[in-house]
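Single-letter residue listing:
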Amino acid sequence: EHILKRAFEPYVTTKARGTGLGLAICHKLVSMMHGRIWVVSSAGQGSTFHFTLRMGFGDVAAVPAVAASAPGLRPLQILLAEDNLINQRLAVAILERRGHRVHVSNHGEEALQALAESRFDVVLMDIQMPIMDGISATQAIRSQSLNTETPIVAVTAHAIPGERERLIRQGMDDYLAKPIDESMLARLITDFAHRRHQIVGDQQIEGEKSARSACERLGLPEEEVALVGWLVRHHLDMSDFAQRRDI
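All values derive from a computational prediction rather than experimental measurement.

Visitor: How do you make sense of the overall build of the chain when you look at a structure like this?
Guide: Broken down by element type, the chain carries 9 helices and 7 strands. Relative to its full complement of 247 residues, the chain shows a buried share of 34%. A separation threshold of at least 6 residues defines the contact pool for the chain, and within that pool the share at least 24 residues apart is 51%. Counting only carbon and sulfur atoms, one obtains 54% of the accessible surface of the chain, whose full area is about 15,700 Å².

Visitor: Sorry if this is basic, but what is going on with the sheet that holds strand β3 (residues 77-81) here?
Guide: Backbone hydrogen bonds hold the strands of a sheet together, and the pairing may be parallel or antiparallel. Taken together, the 5 strands give an open sheet; going across it, the order is β4-β3-β5-β6-β7, and neighbouring strands pair in parallel fashion. For this open sheet the edge positions go to β4 (101-105) and β7 (174-177), each flanked by a neighbour on one side alone. Taking each pair of neighbouring strands and ignoring which way they run, the sheet shows an average axis angle of 20°. Here 4 bridges tie strand β5 (residues 122-126) to strand β6 (residues 152-156), and the two strands are oriented parallel to one another. Looking at the pairing, Val123 lines up with Ile152 of β6. Seen against the sheet, helix α5 (residues 134-144) touches β5 and β6 and runs at an angle of roughly 150° to β5.

Visitor: What should I look at first to understand the packing of helix α4 (residues 108-117) against α5 in this one?
Guide: To describe two helices that pack against each other, one gives the angle between their axes and the distance between the axes. Closest axis-to-axis distance for the α4/α5 pair is 9 Å, and the angle between their directions is 20°. In terms of orientation, α4 and α5 fall into the roughly parallel class. Both α4 and α5 take part in a crossing whose hand is right-handed. Mapping the contact onto sequence places Gly108, Leu112 and Leu115 in α4 and Ala137, Ala140 and Ile141 in α5. Tallied by class, residues from the contact of α4 with α5 come to 5 nonpolar, 1 polar and no charged.

Visitor: I keep staring at unusual backbone geometry and nothing clicks. Help me out?
Guide: Negative phi is the rule for most residues except glycine; trans is the rule for most peptide bonds. The amide bond that connects Lys178 to the next residue, Pro179, takes the cis arrangement and shows omega of -5°. Take Pro179: it is sitting in the loop between β7 and α7 (182-218). Positive phi, close to 60°, is recorded for His34, a residue that is not glycine. Here His34 lies in the loop between α2 (22-32) and β1 (36-42). The exposed category is assigned to His34, whose relative accessible area is 75%. In this structure, Ile131 is a non-glycine residue whose phi angle is positive, near 70°. Relative to the helices and strands, Ile131 is located in the loop between β5 and α5.

Conventions adopted
- Per-chain numbering applies: the sequence of each chain, read as written, is numbered from 1 onward.
- In view of the model being predicted, local features appear only for residues whose pLDDT reaches at least 70, and side-chain atom pairs are presented and counted only at 80 or more, with totals across whole chains, interfaces and linings using the full set of residues.
- As a rule here, side-chain values come from all non-hydrogen atoms in the structure, and water together with hydrogens is ignored.
- Numbering of helices and strands starts at the N terminus; helices are DSSP runs of H or I of at least 4 residues and strands are runs of E of at least 2.
- Burial here depends on accessible area, computed with a 1.4 Å probe over protein chains only, as a share of the maximum for the residue type. Under 20% is buried, over 50% is exposed, and the range in between is partly exposed.
- We call two residues contacting when some pair of their heavy atoms lies within 4.5 Å.
- The method behind every accessible area is Shrake-Rupley, applied with a 1.4 Å probe, and residues are considered shielded solely by the protein chains displayed.
- Here, strands pair whenever DSSP counts at least two bridges between them.
- Fitted lines through C-alpha atoms serve as axes, helices being fitted only where they are in contact, and the angles separating the N-to-C directions of these axes extend from 0 to 180 degrees.
- Note on terminology: angles under 35 degrees are roughly parallel, angles over 145 are roughly antiparallel, angles of 65 to 115 are roughly perpendicular, and the others are oblique.
- Crossing handedness follows the turn of the near helix against the far one: under a right angle anticlockwise gives a left-handed crossing, and clockwise gives a right-handed one.
- Polar here means any residue other than Ala, Val, Leu, Ile, Met, Phe, Trp, Tyr, Cys and Pro, which are nonpolar, and Asp, Glu, Lys and Arg, which are charged; Gly is therefore polar.

Here it is in C-alpha cells:
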C-alpha cells in the first residue's frame, strides 16, 4: 500500500531494471491536460491503471503538415534498436513520414546481426534491452562491424545530469531522451543527413581527384576519368582496368 501511494512519484520502482520515471511522466502529461490518473491493485493479482481526460473535437485542417526530408538530402537508412513495441511504432512512424527507411531490431544481438549484413546511416540505440543492452551493443559495433563509424544515438529515459556525457564516453555520438519528442528526433536525423551529405560530397571530390591523377599517370584521355573513378571507389586493382574498359 505504501508503494501505491508513491506510484506516481519520480524514481519510485520495485524492479532493478528501470528508473521509475514512466508513471511520473504519465502523471505529468495527464495533469497538464487537466485529467486524472489512478491505479487499482490487488496483491498477487496485478494492477490496473486508469486515466480520464476531457477532450474536444479537433480541426484536421489546422494540423500542420509533416515536413519531409530537407531538400537535396537523400533519405537515410536507419537502424532502430528498441524492445518496446509502442516506442518502435512511434519512432518508425515519425521517421517514415519523412521518407527515411527504418529497420527494427528488438535487442542488441539483433542489431549486431543487422549491422553485420548491411550498412546504415544512423543507429538509434535504446539503452535498456533484453539479451544485450545498448551499451554492450555499441561497444561491439565499434569493434567488429561494417558500421564502426556509423553515428549511434542513445535513446533512453535516463534523463539525469551527466548521462549524455557518460553515454558518449561509451562510444555513442548523441543522446535523445524518452519519451521521444518528434521535433527533436526530426532535427537530430536531419542534422545527421546534412553531415552524411557533406561526407559523400567530400568523398566524391576526392574520388575525382584520384581518378584524374590515375589517368594522368597512365596517359589516359579525359573521357576515362569516370571509369577510373569507379575503380577507385570500389578499391579495385588498376590491373582490372583493361578488362573493364572493354565492357
